[in-house]
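Overview (structure and organization)
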Amino acid sequence: MAISPTRRPDGDDDTDARGDGGTESASGQPATDSLEESQVATDTTERTTMTEEPGGDDAEGAHWTVQYARDHLAHVLVIGFFALYPGLVAVLTGIPALDIGFTTVDPGAFFDAFLPAMTFMIAMLFLGLFAMSFDFISGYTGYLSFGHAAFYGIGAYVVVMAANGDIPIVPEGTPFMLTLLLGATVAFLVALAIGAVSFRLTGVYFAMITLGFAQVIYELVRNWDYVATNPQEGPSMSGAAEIGIPYVDSLSFAIGRLAGDSFENVLGLGIDISATLTSYYAIGLVVLGCYFAMQRIIHSPFGRVMIAIRENEERARAVGYNVFWYKMAAFGMSAFFAAIAGAMFAGYRGSASPDSTFYFLVTADALIVTIVGGIGTLAGPLFGSFFFESLEDILSSQQGGLAPYLRETLPEAMLSADVAGITFLDVINTVVDGRAPLYLGIVFVLFVLFVPNGLLGSVRDRLGGTVAKRLPAHLERYRK
Amino acid sequence: MSLLELEDVHTYYGESHILQGMNLTVEEGEVVALIGRNGVGKTTTLRSILQLTAPRSGSVRFRGEDLTGNPTHEVADRGIGWVPEDRRMFGYLTVEENLRVAIDPDQEVEPLRDEMFDLFPDLARFREKEARNLSGGQQQMLAIARGIVGDNELLLVDEPSEGLAPLIVEQVVEALREVSTETTMVLVEQNFPLAMDLADRFYLIDHGTVVESGPTEGVTADDERIQRYLAA
Amino acid sequence: MIDPLTHATVDAPMLADTLSRFFQPDTLARILIEGLGKAAIYFIIAIGLTLVFGLMGILNFAHGAFAMVGAYIGGVIMVVALSSASGAFTRIALFIVVVAVVFALLTAAGSALEIKLVRPIYDRTPMYQILLTFGVGLILEELARIIVSSRGIQPEPTWSAAQATIPGFLSGPSDVLNSLFGVNIRGFYLFAIVSGAILAVAVYLFLTRTLYGLYIRAGSEDPEMVEALGIDVRKAFTIVFGLGTGLAAVGGVFLMWDPTWGPSVMLNLDVLLYAFVVVVIGGLGSFKGTLVAAVIVGVADSFTTWLFNTGIVAFSGLPEVTIFLLLVIALIIRPQGLYGVEEVGGH
């Protein structure tokens, strides 16, 4: 199941193959100086060299067509997987139990326990987008944004407060899509303000100051009774958030588990779409749009400067880039997308609380899934958060899950087997049920130690091996 | 048996191949100068000896024992001192403390330290002073003292004259000359006449390998084989 | 003192009133003593963090978790060993034993952790060390949650039974302070000041009078040079990481009795953030800086708490906002901290 999404980056494109050098340096091998040279200064040269026949326009055209086709094939596979996922779950969990003589086999219950339920898939989308935005700044420029939750929170609070008419100038009833953009814009501006003083610092100090700003905002929001009657709990939203084209009812879909639109017998095909499914697809579309936007930026000349900054900021500056403004712009954009993620989170939940949006642990979640998925790969965080939410689902008893599954399928004698006063059932209840954070922490530490490039980064390293091997030879050529 | 032997040493920084088959020997009591342009691998040779940058292949033998793969602190404990480029004082430690770090825990501190103070009277005067408050020349003296304290047998000296006024350089040279009567020395020095003056033998290095070697006696900068590698 | 968020208006008489109240000797004494008491504990926790960073260049994100573990272990021993009839002397004596036990246990655990987990990733970028220690912190927090709840104790907000093991003369107003300043201040703060001072002197003597302290100070400037002088720096790393862990845990034991903290899994992040503020303001790696910064943060904390408690400022988040603002301002004005070296962190 995880194979098809992870294969995608292989065909991602060829600019990123060069990014692999960066991933390697992050894992300990010092990046050679000439790497950046090729990235910044001789980028075009390298591309020409890599194309077999640099002279022919046709050849180059074919080259890019091939690239794009592969690119899109990979994207289609991933998008297709996520689009068909709800159907897949419905089919697999619907498999009836089979009596095979001595025991009953219940694959339906098994899949129910192990496949993430739709609510978790929706959470995966917010978290995935938020983590992508975190990776956008942290993974591509190398500046760890430890206060990223602030932007997520701004997105969330702006849409909720706007819906309640609590934001001056913005009239009550302004469509969700517009308030979402407003929140993203506010986050963009706040990021510029924070960045203006923070980008004079690097490394640990940058991480600390962004964390400091975010904590200040968190404490302000948590204690400010204007945002909600009980600011510790946060505000709730009146009305439903609608994703779609503003002011066009037929193209707007309300999201939310309860408040969302549901459709029966769609197009007479006998398919019912629940509110959860509507939300999944509507939010999924926005995430997809944001993903492509970020992907375009990263693969543009601007994105290449971001990577150059990560690899060697001094050199990027020496080559003539105004790195300060590149960092500012990248930070602002990443805040913009973080706020969109936060806005959809709040829109779907119909509320926002300081601890679920502005708190440091929210940034930490993004950090974890980014590492697991692969830092410095844009799609990686999405797969990381798929992994994260799967684990959450398996280990929680909310919607299927391992604990109830074990409780139901294991024989009673085994469950009540008593060792030193502790039954197996106790063990399940204590170390399985709702213990996702523990296992996530363990998985995270194992990734940091043994898979520092994450799921996607490692797959890319393996498949891109040939490119990586040819890279030193290329660099050697430019040195002379 | 030579005191120090390097045989076909290859050392990398990341992917950059710096030492490309370095061979050299140092006999007990000698002063050997490593000369060559910037970036040809002189400092890396010293770092390879100390295993600070471990060679990928080849061997470094000290008194016949192979050092490759040993941790740096064990290499240093065998009696190899290092006076690095830029001196690298512990700026917030006093002169005494700087020396103390270099003395083995099982050695007697006082006599060893006093020996250094006899050799460098300036340091004795500033023994309680933090090293960052010393002048450049005094810091260089301290670096040399720190390199030999505890009866090191081999001293690796990297660019001792760099960044110092001519008058101070003379003092440093005198100090090194005095040290060299008791200690074997490998000297990396950009200042060619100075290197020839101090050393008994020289190795001329280019592209991470020895291209010329021989006694320093009578060698001048005009020498054609030297010119070819040293001129910019 | 004006809080724009709650639309509080400050008029002249009120300002004058505040000032006159502030400059009363008993108010000043309260703010100062409570502030120093808080500072003492912040110092104990932060000093380990700053030593580890100074020597190894590692910002230890598991530091708060170690304090949390210390608080819980301390709590368990106190609760199990004491009965309600135990006298003040027994309680204090046991507390000292607990501090020693927790320090020994966690120093050993920290050293083991350094050898097993941190050592393999020294050659990676600092980010991975942050990530690794952060992950370790998360695991410890979750383990604490599991163990504590399986014993029927709420992991949040605090384990009040452990907090209640404090002897009466420390939890109540101190007679000594009352006779000196004529004001009721919890004896705990005086206790913290004395203990913190003892520990600070102990750490200072360790750093300046012992050989390992010398190696640690030298290594904080240039670990490679120390190695090249024949000292096994990795061993020093292990020792410092162990000591840092042990000190964090000792700080946790103090937090166990602290009326505003107490054992809870929330200590993991809350303590971590406070410790960060202190070490960043003081200058990462600096003993003196950590001491001064702990006092600044402690007094700022008690001053803003006083402002809120007396109703002068109605904004309840004032102390926290102030402390994080201090962090931000310190980083803007003087990123290397009060006593930090310019190139500190350039490992």
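Below, the structure is looked at part by part. Not measured: the values here are computed from a predicted model. (Residues numbered from 1 in each chain as written. Chains lettered and ligands numbered in written order. Predicted model: local features only at pLDDT ≥ 70, side-chain atom pairs only at ≥ 80, totals over all residues. Heavy atoms only, no water.)

**A few points about the overall build of chain C**
Counting its secondary structure elements, chain C contains 15 helices and zero strands. Here chain C holds 347 residues, and the buried ones make up 58% of them. Surface accessibility of chain C: about 13,000 Å² in total, with carbon and sulfur atoms responsible for 68%. (Helix = DSSP H or I, 4+ residues; strand = E, 2+ residues; numbered from the N terminus. Buried < 20%, exposed > 50% of the residue type's maximum accessible area, 1.4 Å probe, protein only. Areas by Shrake-Rupley, 256 points an atom, 1.4 Å probe, with all protein chains shown as cover.)

**Here's the deal with empty space enclosed by the protein**
All names here are of chain C. Inspection of every chain in the model, using the stated rule, returns five cavities of 30 Å³ or more. A volume near 60 Å³ is recorded for the second largest cavity. Every element with two or more residues in the lining of the second largest cavity is listed here: helix H2 (25–56) and helix H13 (267–282). At four residues, H13 tops the list of elements feeding residues into the lining of the second largest cavity. Looking at the lining of the second largest cavity residue by residue, the classes come out as nine nonpolar, no polar and no charged. (1 Å grid on protein atoms, 1.4 Å probe; cavity = no way out; pocket = protein on both sides within 12 Å on 5 of 7 lines; lining within 4 Å. Points joined across faces, edges and corners; volume = space filled by probe spheres on them. Nonpolar A, V, L, I, M, F, W, Y, C, P; charged D, E, K, R; others polar.)

**Quick notes on the interface of chain A and chain C**
Counting from both sides, the interface comprises 42 residues of chain A and, opposite them, 44 residues of chain C. Both sides of the chain A and chain C interface together cover about 4,200 Å² of buried area, and 80% of this is carbon and sulfur. Viewed at the interface, chain C and chain A are joined by zero salt bridges. Across the chain A-chain C interface, the total number found is six residue pairs in polar contact (both at pLDDT 80 or more). Contributing elements (two or more residues each) for the side of chain A that touches chain C: helix H2 (15–26), helix H10 (203–223), helix H16 (360–373) and helix H21 (436–450) of chain A. Broken down by element, the residue count for the side of chain A that touches chain C peaks at 12 residues, all from H10 of chain A. Looking at the side of chain A that touches chain C residue by residue, the class counts come to 30 nonpolar, nine polar and three charged. (Contact = heavy atoms within 4.5 Å. Buried area = accessible area lost by both parts, 1.4 Å probe. Salt bridge = Lys/Arg side-chain N within 4 Å of Asp/Glu carboxyl O. Polar contact = N/O pair within 3.5 Å; in protein donor to acceptor, adjacent residues only side chain to side chain.)

**Re the packing of aromatic side chains**
For the structure shown, the criterion picks out 49 aromatic pairs over all chains. Both rings, one in phenylalanine 22 of chain C and one in phenylalanine 303 of chain C, keep their centres 5.3 Å apart while their planes meet at 75°; by these two values the pair is edge-to-face. Pair noted here: phenylalanine 22 of chain C is in helix H1 (residues 12–22) and phenylalanine 303 of chain C is in helix H14 (residues 287–309), with a separation of 281 residues, a long-range link. The class of phenylalanine 303 of chain C is partly exposed, set by a relative accessible area of 25%. The lysine or arginine in question, arginine 146 of chain B, covers the ring of phenylalanine 90 of chain B, its NZ or CZ lying 5.0 Å from the ring centre. (Phe/Tyr/Trp six-rings, centres within 6.5 Å; stacked < 30°, edge-to-face > 60°. Lys NZ or Arg CZ within 6 Å of the ring centre and 35° of its normal.)

**Comments concerning the packing of H2 of chain C against helix H12 (residues 233–257) of chain C**
Residue and element names in this part refer to chain C. Across the interface, H2 lies against H12 with an axial gap of 8 Å and an inter-helix angle of 165°. Judged by the inter-axis angle, H2 sits roughly antiparallel to H12. Along this stretch, H2 crosses H12, giving a crossing that reads as left-handed. Together, Ile41, Ile44, Ile45, Ile47, Gly48, Leu51, Val52, Leu55 and Met56 of H2 and Ala236, Phe237, Val240, Phe241, Gly244, Leu247, Ala248, Val250, Gly251, Phe254 and Leu255 of H12 make up the contact between the two elements. Looking at the contact of H2 with H12 residue by residue, the class counts come to 17 nonpolar, three polar and no charged. (Axes fitted to C-alpha atoms, helices over the stretch in contact; angles between N-to-C directions. Parallel < 35°, antiparallel > 145°, perpendicular 65-115°, else oblique. Left-handed = near helix turned anticlockwise from the far one by under 90°.)

**Concerning the pairing of strand S3 (residues 31–35) of chain B**
Residues and elements named next belong to chain B. Most of S3 sits out of view: five of its five residues are buried. Where burial is concerned, the two faces of S3 agree: the one with Val31, Ala33 and Ile35 and the one with Val32 and Leu34 are both buried. In terms of strand pairing, S3 meets strand S8 (residues 184–188) through four bridges, oriented parallel. Bridge assignment links leucine 34 to a residue of S8, and that residue is valine 188. Here four bridges tie S3 to strand S9 (residues 201–206), and the two strands are oriented parallel to one another. Within S9, the position partnered with leucine 34 by the bridge is tyrosine 203. (Pairing = 2+ DSSP bridges.)

**So, the pattern of salt bridges**
Per the counting criterion, the structure on display carries 27 salt bridges over all chains. Glutamate 314 of chain A is the partner of arginine 317 of chain A in a salt bridge, and the nearest nitrogen-oxygen pair spans 2.7 Å. Remark: glutamate 314 of chain A and arginine 317 of chain A occur in helix H13 (residues 313–318); sequence separation between them is three residues, near one turn of the helix. Between aspartate 122 of chain B and arginine 125 of chain B there is a salt bridge, with its nearest N and O atoms 2.7 Å apart. Residue aspartate 122 of chain B and its partner arginine 125 of chain B are both found in helix H5 (residues 121–125); the two are separated by three residues, about one turn of the helix. Under the relative-accessibility criterion, aspartate 122 of chain B is labelled partly exposed at 28%.

**Overview of the environment of glycine 340 of chain C**
Secondary-structure assignment places glycine 340 of chain C in the segment after helix H15 (318–333). Separated by 57 residues in the primary sequence, glycine 340 of chain C and glycine 283 of chain C have C-alpha atoms spaced 4.0 Å apart.

**A few points about the sheet that holds strand S2 (residues 16–26) of chain B**
Residue and element names in this part refer to chain B. With respect to topology, four strands assemble into an open sheet ordered S2-S1-S4-S5, the strand pairing being antiparallel. Taken across any chain shown, the strands that pair with only one partner, and hence form the sheet edges, are S2 and strand S5 (65–66). Pairing geometry for strand S1 (residues 4–13) and S2, over eight bridges, is antiparallel. Pairing of tyrosine 13 across the sheet is with serine 16, part of S2. In this fold helix H1 (residues 42–50) packs onto S1, S2 and strand S4 (57–62), with an angle of close to 110° to the strand it touches most, S1.

**With respect to the sheet that holds strand S10 (residues 209–215) of chain B**
All names here are of chain B. Taken in spatial order, the six strands of this open sheet run S6-S7-S8-S3-S9-S10, and their pairing is mixed. Strands with a single pairing partner mark the edges of an open sheet, and in this sheet they are strand S6 (80–83) and S10. Here the strands of the sheet are splayed against their neighbours by 15° on average, with no regard to which way each runs. Here helix H6 (residues 136–148) sits on the sheet and contacts S6 and strand S7 (154–158); the angle it forms with S6, its principal contact strand, is near 165°.

**Here we look at a negative patch on the surface**
Residue and element names in this part refer to chain B. Negative charge collects at one region of the surface, where Asp114, Glu115, Asp118, Asp151, Glu178 and Glu182 lie side by side. Element by element, the count of residues in the negative patch is highest for helix H4 (residues 109–119), at three residues. Relative to the helices and strands, glutamate 182 is located in the loop between helix H7 (166–180) and S8. (Patch = residues over 30% accessible without salt bridge, like charges linked within 9 Å, V, L, I, M, F, W, Y side chains within 5 Å. Lys, Arg positive; Asp, Glu negative; His and termini not counted. Charge placed at Lys NZ, Arg CZ, Asp CG, Glu CD.)

**Remarks on a nonpolar patch on the surface**
A cluster of nonpolar residues, Leu98, Ile100, Phe102 and Val105 of chain A, forms a patch on the protein surface that exposes about 430 Å² of accessible area. Residue position: leucine 98 of chain A is located in strand S1 (residues 98–99).

**As for unusual backbone geometry**
With an omega of -5°, the peptide bond running from glutamate 156 of chain C to proline 157 of chain C counts as cis. Along the chain, the position of proline 157 of chain C falls in the loop between helix H5 (126–150) and helix H6 (160–163). Of note in this structure, aspartate 8 of chain B is not a glycine but carries a positive phi near 45°. Positionally, aspartate 8 of chain B belongs in strand S1. Accessibility expressed as a relative area gives 41% for aspartate 8 of chain B, which makes it partly exposed. Of note in this structure, arginine 87 of chain B is not a glycine but carries a positive phi near 70°. You can see arginine 87 of chain B is positioned in the loop between S6 and helix H3 (95–102).

**Details of the nonpolar core**
By size, the foremost hydrophobic cluster in this structure holds 342 residues, and its most contacted members are Phe82, Ile283 and Met344 of chain A together with Phe61, Phe134 and Trp257 of chain C. Counting residues per element, this core draws most heavily on H2 of chain C, which supplies 18 residues. Discounting chain neighbours no more than four positions away, the residues touching phenylalanine 61 of chain C are Phe146, Met208 and Phe360 of chain A together with Ile130, Thr133, Phe134, Leu272 and Phe276 of chain C. (Core = buried A, V, L, I, M, F, W, Y, C linked by side-chain atoms within 4.5 Å.)

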